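# Structural features, examined
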Amino acid sequence: KAGVTQTPRYLIKTRGQQVTLSCSPISGHRSVSWYQQTPGQGLQFLFEYFSETQRNKGNFPGRFSGRQFSNSRSEMNVSTLELGDSALYLCASSPRTGKGSQETQYFGPGTRLLVL
Amino acid sequence: SQKIEQNSEALNIQEGKTATLTCNYTNYSPAYLQWYRQDPGRGPVFLLLIRENEKEKRKERLKVTFDTTLKQSLFHITASQPADSATYLCALMNTGFQKLVFGTGTRLLVSP
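Here's a quick rundown of the structure. (Residues numbered from 1 in each chain as written. Chains lettered and ligands numbered in written order. Predicted model: local features only at pLDDT ≥ 70, side-chain atom pairs only at ≥ 80, totals over all residues. Heavy atoms only, no water.)

## What about the interface of chain B and chain A?
Facing 18 residues of chain B, the contacting portion of chain A comprises 23 residues. Counting the surface lost from both chain B and chain A, the interface buries some 1,500 Å², and carbon and sulfur atoms represent 51% of this. Inspection of the region where chain B meets chain A yields zero salt bridges. Put simply, chain B and chain A have two residue pairs in polar contact (both at pLDDT 80 or more) between them. Elements supplying a minimum of two residues to the side of chain B that touches chain A: strand 4 (30-38), strand 5 (45-51) and strand 10 (100-102) of chain B. (Contact = heavy atoms within 4.5 Å. Buried area = accessible area lost by both parts, 1.4 Å probe. Salt bridge = Lys/Arg side-chain N within 4 Å of Asp/Glu carboxyl O. Polar contact = N/O pair within 3.5 Å; in protein donor to acceptor, adjacent residues only side chain to side chain. Helix = DSSP H or I, 4+ residues; strand = E, 2+ residues; numbered from the N terminus.)

See the structure below:
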């Protein structure tokens, strides 16, 4: 099976712009989670989508949003970019059954976003 | 407040020795704990999962222990190799299964 893919891999934006990142999960996986990774804060959970519905959300401002399509592909959007949004954004898929635990997370390679 | 702590200092060991990494947590009631490996520029890769009612789990040269009384997990790599050099992250899922919370990771350097 192909792994989790993320596009683009690298992105440079300026403050105030918005950005959309894309994630294609492993075939058959219905759960997609997004994480932000920075040297200071580590890996922080943004949100999880399951069957096109947001199931869980982390402690991030409303500028961070996402969605999931019927084929389980997911996008996340960050509006009004700030310098502090510079980070590695990781997407992970999971064969979550919807009945409980996320179990194993399969991560993509990430999108490195630099905000100038 | 809730915390997951891993040693932020890099762990340097010689090839062939056993590496032991620590993950401590406070104010969590874990359903399970996972360990991941992350190489530079790549996403984390799942290694092992241990549930709250399990004491120990093994997979090849890897061993994880889980002590819910001490609120600690230990991750061991026996007969370590330079290829084991990476950052190792622990992640905890609370009961209620809301979200996976990660520690900041410990960098392991194995010298030949």
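## Quick word on the sheet that holds strand 8 (residues 72-77) of chain B
Residues and elements named next belong to chain B. As summarised here, the arrangement of the five strands in space is 1-3-8-7-6, forming an open sheet in which the pairing is antiparallel. What marks the edges here is a single partner per strand, and that holds for strand 1 (3-6) and strand 6 (56-59). Looking at each pair of strands side by side, their axes are set apart by 15 degrees on average, direction ignored. Pairing between strand 1 and strand 3 (residues 19-26): four bridges, direction antiparallel. Its bridge partner being in strand 3, Lys-3 is matched across the sheet by Thr-26. (Pairing = 2+ DSSP bridges. Axes fitted to C-alpha atoms, helices over the stretch in contact; angles between N-to-C directions.)

## Things to note about the packing of aromatic side chains
For the structure shown, the criterion picks out 12 aromatic pairs over all chains. Seen from their ring centres, Tyr-36 of chain B and Phe-46 of chain B are 5.7 Å apart, and the 70 degrees between their planes marks the pair as edge-to-face. Remark: Phe-46 of chain B occurs in strand 5 and Tyr-36 of chain B occurs in strand 4; sequence separation between them is 10 residues. Taken together, Tyr-35, Phe-45 and Phe-107 of chain A together with Tyr-36, Phe-46 and Phe-102 of chain B form an aromatic cluster joined through their ring pairs. (Phe/Tyr/Trp six-rings, centres within 6.5 Å; stacked < 30°, edge-to-face > 60°.)

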